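Take a look at the letters that make up each chain.
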Amino acid sequence: MALPEIFTGLTTVIKNVFRRKDTVGYPEVRRLPFPRYKGRHILDRHPDGLEKCIGCELCAGVCPADAIRVVGAENTAEERFSPGERYAQIYQINYLRCIFCGLCVEACPTEALLMTTEYELSGSTREDLIYTKEQLIVDAPIIRHWDTKKELPPDINLKGTS
Amino acid sequence: MSKTFDRLVSGIDSDGHGAYVEEHDEESNSMVINMGPVHPSTHGVLRLLLELDGETVLRCEPIIGYLHTGMEKECEDQNWRGAVTIVTRMDYLAQFANEQVYSMAVEELLGIDLPPRAVAIRCMIAELNRLSSHLVWFGTTGLDMGAMSAMFYGFREREMILDFFEMVTGLRMNNGYIIPGGVWVDLPDGWDAALEAILDVMPKRLDEYEALLNENPIFLERTSGVGVLSRDDALALGATGPIARASGVDWDLRRDMPYEGYEGVTFAVPTATSGDVYGRYRVRMAEMRETLELIRHFADNMPEGDFKNMDPKLTPPPRSELNRSMEAVIHHFKLVTQGFTVPEGETYARVESPRGELGCYIVSDGGTSPYRCHVRDPSFVNLQALGPMAQGQLIADLIATIASTDPIMGGVDR
């Protein structure tokens with residue numbers, strides 16, 4: 001019989017039953033992502049309210065997944081969106097294609113395009129997930145479908161427990 | 001062997017088209033069945049065409065291609081920098097090994113040197129990747145053998161490593177962190193404390209895993225003497241990594257053909273001679289401990305300095321320069337839209353990935369994107385050893401054999 005070996009294994013299992021639970025009750029409890037986390041994008045503004053995006057299309061050009069569409073237009077004296085000559089008339093990111101590699105953020109020369117740590121992207125149609133400029137601009141509200149009761153620090157699993 | 005089997009392997013069924021499900025051969029009294037491509041224990045979309053005599057496997061032929069997405073071809077549409085985001089998706093459990101070998105090949109063609117910090121970061125993160133990959137193997141193997149708790153424990157510890165990846169690279173999988181010329185971004189503040197937590201916990205957890213399975217009679221019954229691959233077969237089939245090492249082939253690229261970062265580093269290469277599933281289990285478990293030592297070595301000797309090659313023709317200028325220097329803006333636009341060029345030539349780079357020799361063969365025509373980017377994936381080569389391993393054993397043991405080969409179908413099909 002091999003009872004001692006089975007007993008050793010069972011000891012391990014029983015020891016683990018009384019350990020701190022590693023799962024969290026998402027979405028009521030969330031582990032926040034690390035600051036570097038590459039999530040949903042935002043388009044930043046200058047302090048005076050003008051958009052930082054100058055419609056240069058570098059982000060669209062560098063995107064390995066062809067997820068970004070930018071159509072630039074000229075600013076006029078009556079309608080001014082950005083400080084320079086050009087602004088992005090159409091700015092769309094298709095989150096069905098985006099692979100969150102962050103090359104667009106690296107490419108942006110004016111730091112207009114940034115990534116948040118928001119990862120909850122869902123929609124009921126394909127069109128829902130093509131985010132337009134109105135949804136991406138920094139002051140557009142971030143929609144959460146469920147209330148969070150408790151937030152855990154990002155490094156909750158990396159604090160020496162044994 | 002039966003004619004039916006040959007016909008099915010060649011891809012023609014009795015009606016003359018496509019795959020077929022089951023056939024009974026009257027002449028030889030054997031039965032041909034398909035296992036997979038959607039089978040819970042074939043670890044992805046692996047299809048095995050089996051010829052059975054009762055429950056004994058007479059022949060086993062892996063049929064691949066169900067996950068083929070043309071990633072090697074897609075690399076040719078990207079520039080040299082953008083192709084990193086493609087190669088990282090090939091063997092998705094060893095993403096850093098993929099990025100590393102691709103970057104090494106590109107750097108060799110470019111003829112550039114890396115700052116020592118970049119090399120150390122790369123090696124450290126690739127070794128962590130080996131650990132996380134083996135933990136997935138441990139979990140899924142345990143699950144296949146009926147030890148469900150093994151899966152919980154393996155994935156729990158992997159979570160720590162994925163959290164560390166998230167902390168450093170911003171993503172948990174498919175990171176795109178190692179790029180030609182160095183790494184994407186320097187290590188964040190507090191990385192050493194986080195790593196210390198992993199290195200602190202892991203040895204104790206490995207003890208627990210071994211207490212759970214090493215001497216477990218049920219596990220031994222299912223693994224020892226099962227799926228034996230002889231040393232000669234392993235060499236003839238070109239098997240590498242833990243599979244070859246468990247068959248007595250003492251070969252590890254990190255030690256025998258040291259590449260960047262591994263020169264002068266001493267570490268043990270665990271081997272076994274039994275060549276069965278249990279031997280592969282023991283080799284991988286011992287490798288995890290060795291990997292912990294290597295991670296500690298790279299972390300303790302982390303040099304200061306640049307984290308990537310700062311050649312302005314290769315790396316875009318720092319963002320602060322863009323507001324001041326017109327030249328910087330020009331460089332930035334050129335590198336972002338077009339990318340850097342790589343001199344004409346071809347090269348082959350290799351690293352020891354968690355599954356064996358991972359090679360990358362690159363051809364450049366002097367342009368801004370790869371002319372050809374071929375990846376020699378260890379899963380693909382090791383999968384060919386499945387036939388000899390499975391021959392003559394029971395179909396139930398095939399599950400254990402597949403689990404011990406640890407194939408990643410993303411890497412097999414690319």
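On a predicted model such as this, the values are computed, not experimentally measured, just so you know. (Residues numbered from 1 in each chain as written. Chains lettered and ligands numbered in written order. Predicted model: local features only at pLDDT ≥ 70, side-chain atom pairs only at ≥ 80, totals over all residues. Heavy atoms only, no water.)

**Concerning the overall build of chain B**
Secondary structure assignment for chain B yields 18 helices and nine strands. Relative to its length of 414 residues, chain B is compact, with a C-alpha radius of gyration of 23 Å against a globular reference of 22 Å. Counting only C-alpha atoms, chain B reaches 80 × 50 × 35 Å along its principal axes. Looking at chain B as a whole, 60% of its 414 residues are labelled buried. In chain B, the proportion of contacts linking residues at least 24 apart, taken out of those at least 6 apart, comes to 68%. When the accessible surface of chain B is split by element, carbon and sulfur atoms take 53% of a total near 15,500 Å². (Helix = DSSP H or I, 4+ residues; strand = E, 2+ residues; numbered from the N terminus. Rg over C-alpha atoms; globule rule 2.2 N^0.38 Å. Buried < 20%, exposed > 50% of the residue type's maximum accessible area, 1.4 Å probe, protein only. Contact = heavy atoms within 4.5 Å. Areas by Shrake-Rupley, 256 points an atom, 1.4 Å probe, with all protein chains shown as cover.)

**Considerations on the overall build of chain A**
If you tally the helices and strands in chain A, you get four helices and seven strands. Relative to the 2.2 N^0.38 estimate, which gives 15 Å for 162 residues, the radius of gyration of chain A is 23 Å and therefore markedly larger than a compact globule would have. With the C-alpha coordinates aligned to their principal axes, the bounding extent of chain A is approximately 85 × 30 × 30 Å. Residues counted as buried form 40% of the 162 residues belonging to chain A. Within chain A, contacts between residues at least 6 apart in sequence are counted, and of these 74% link residues at least 24 apart. When the accessible surface of chain A is split by element, carbon and sulfur atoms take 57% of a total near 9,500 Å². When the 21 basic and 23 acidic side-chain charges of chain A are each reduced to a single mean position, those positions are 9 Å apart. (Lys, Arg positive; Asp, Glu negative; His and termini not counted. Charge placed at Lys NZ, Arg CZ, Asp CG, Glu CD.)

**Points about the packing of helix α4 (residues 95–110) of chain B against helix α5 (residues 116–144) of chain B**
All names here are of chain B. Look at α4 against α5: their axes get within 8 Å of each other, and the N-to-C directions meet at 145°. Residues Q95, F96, A97, Q100, S103, M104 and E107 of α4 form the contact with α5, whose own contacting residues are R122, C123, I125, A126 and N129. Per-class residue counts for the contact of α4 with α5 are six nonpolar, four polar and two charged. (Axes fitted to C-alpha atoms, helices over the stretch in contact; angles between N-to-C directions. Nonpolar A, V, L, I, M, F, W, Y, C, P; charged D, E, K, R; others polar.)

**A look at the packing of aromatic side chains**
Aromatic ring pairs are defined here through the distance separating the ring centres and the angle between the ring planes. Applying the stated criterion across every chain yields a total of 13 aromatic pairs over all chains. Ring centres of Y95 of chain A and Y131 of chain A lie 4.9 Å apart, and the angle between their planes is 85°; on these two criteria the pair is classed as edge-to-face. Of the two residues, Y95 of chain A is situated in the loop between β4 (86–94) and α3 (103–107) and Y131 of chain A in strand β6 (residues 130–131); the sequence distance between them amounts to 36 residues. Given the relative accessible area of 8%, Y95 of chain A is considered buried. We classify Y131 of chain A as buried; its relative accessible area is 11%. A ring pair is formed by F96 of chain B and F165 of chain B, whose centres lie 4.8 Å apart and whose planes are at 65°; its orientation type is edge-to-face. Taken together, the residues F96 of chain B in helix α4 and F165 of chain B in helix α6 (residues 148–169) connect sequence positions 69 residues apart. (Phe/Tyr/Trp six-rings, centres within 6.5 Å; stacked < 30°, edge-to-face > 60°.)

**What to know about the layout of surface pockets**
The calculated volume of the largest pocket comes to roughly 1,000 Å³. Surrounding the largest pocket, 41 residues form its lining, E106 of chain A together with W184, K308, P316 and R319 of chain B being those nearest its centre. With five residues, the top contributor of residues to the lining of the largest pocket is helix α14 (residues 326–337) of chain B. Its residues assigned to classes, the lining of the largest pocket comprises 26 nonpolar, six polar and nine charged. Looking at the second largest pocket, its volume works out to about 650 Å³. Residue lining of the second largest pocket: 28 residues in total, with D22, V24, R31 and N157 of chain A together with E159 of chain B positioned closest to the centre. Elements that contribute at least two residues to the lining of the second largest pocket include exactly β1 (29–31) and β7 (150–152) of chain A together with α6 and α7 (191–213) of chain B. The element that contributes the greatest number of residues to the lining of the second largest pocket is α6 of chain B, accounting for five residues. (1 Å grid on protein atoms, 1.4 Å probe; cavity = no way out; pocket = protein on both sides within 12 Å on 5 of 7 lines; lining within 4 Å. Points joined across faces, edges and corners; volume = space filled by probe spheres on them.)

**Regarding α5 of chain B**
Residue and element names in this part refer to chain B. An ideal rise of 1.5 Å per residue puts 42 Å on 29 residues; α5 measures up with 42 Å between its terminal C-alpha atoms. Judged by how many residues are buried, α5 sits mostly within the fold: 26 of 29 residues are covered. Phi turns positive one or two residues past the end of α5, at G146, with a value near 90°. (Expected span 1.5 Å × (residues − 1).)

**A word on the sheet that holds strand β8 (residues 356–364) of chain B**
Residues and elements named next belong to chain B. Pairing is antiparallel in the open sheet, where three strands are placed in the order β7-β8-β9. A strand with exactly one partner marks an edge of an open sheet, and here the two such strands are β7 (345–353) and β9 (372–376). The sheet shows a mean angle of 15° between the axes of neighbouring strands, direction not considered. Along the sheet, α4 contacts β7, β8 and β9; its crossing angle with β7, the most-contacted strand, is approximately 150°. (Pairing = 2+ DSSP bridges.)

**A few points about a nonpolar patch on the surface**
Residue and element names in this part refer to chain A. Taken together, the side chains of I6, L10, I14, V17 and F18 define a hydrophobic patch exposed on the protein surface, amounting to about 520 Å² of accessible area. Here I6 shows up in helix α1 (residues 3–17). What makes I6 partly exposed here is its relative accessible area of 35%. (Patch = residues over 30% accessible without salt bridge, like charges linked within 9 Å, V, L, I, M, F, W, Y side chains within 5 Å. Salt bridge = Lys/Arg side-chain N within 4 Å of Asp/Glu carboxyl O.)

**What about the pattern of salt bridges?**
Residue and element names in this part refer to chain B. A full pass over the atoms with the stated rule returns 37 salt bridges over all chains. Of the charged contacts, one joins D250 and R255 as a salt bridge, the two residues approaching to 3.2 Å between their closest N and O atoms. Given the relative accessible area of 42%, D250 is considered partly exposed. Among the charged side chains, a network of salt bridges with common partners joins E127, R130, R245, D252, R254, E287 and E352.

**Notes on the pairing of strand β3 (residues 47–53) of chain B**
Working note: regular strand, side chains alternate between the two faces of the sheet. Residue and element names in this part refer to chain B. The buried fraction of β3 amounts to six of the seven residues, a majority that puts the element mostly inside the structure. Pairing analysis gives five bridges linking strand β2 (residues 31–35) to β3, with the strands arranged antiparallel. Paired with N34 across the bridge in β3 is L49. Examined bridge by bridge, β3 and strand β4 (residues 56–63) share seven bridges and lie antiparallel to one another. Considered in β4, the bridge of E51 is made with R59. In this antiparallel pair of consecutive strands, β3 and β4, the connection spans two residues, and G54 shows a positive phi of 65°.

**Some thoughts on the interface of chain A and chain B**
Each partner contributes to the interface: chain A provides 37 residues, whereas chain B provides 42 residues. In this assembly, chain A packs against chain B so that about 3,500 Å² is buried in total across both faces, 58% of it on carbon and sulfur atoms. Of all residues in chain A, the largest losses of buried area upon contact with chain B belong to R36, E106 and L158 of chain A, amounting jointly to 21% of the total for that side. Inspection of the region where chain A meets chain B yields six salt bridges. For R81 of chain B, the salt bridge identified is with E106 of chain A, shortest N-O distance 3.3 Å. At the junction of chain A and chain B, the tally comes to 17 residue pairs in polar contact (both at pLDDT 80 or more). Elements with a contribution of two residues or more to the side of chain A that touches chain B: α1, α2 (58–62) and α3 of chain A. Per-element accounting of the side of chain A that touches chain B gives the leading share, eight residues, to α1 of chain A. (Buried area = accessible area lost by both parts, 1.4 Å probe. Polar contact = N/O pair within 3.5 Å; in protein donor to acceptor, adjacent residues only side chain to side chain.)

Spatial relationships are all this shows, so hold off on functional conclusions.
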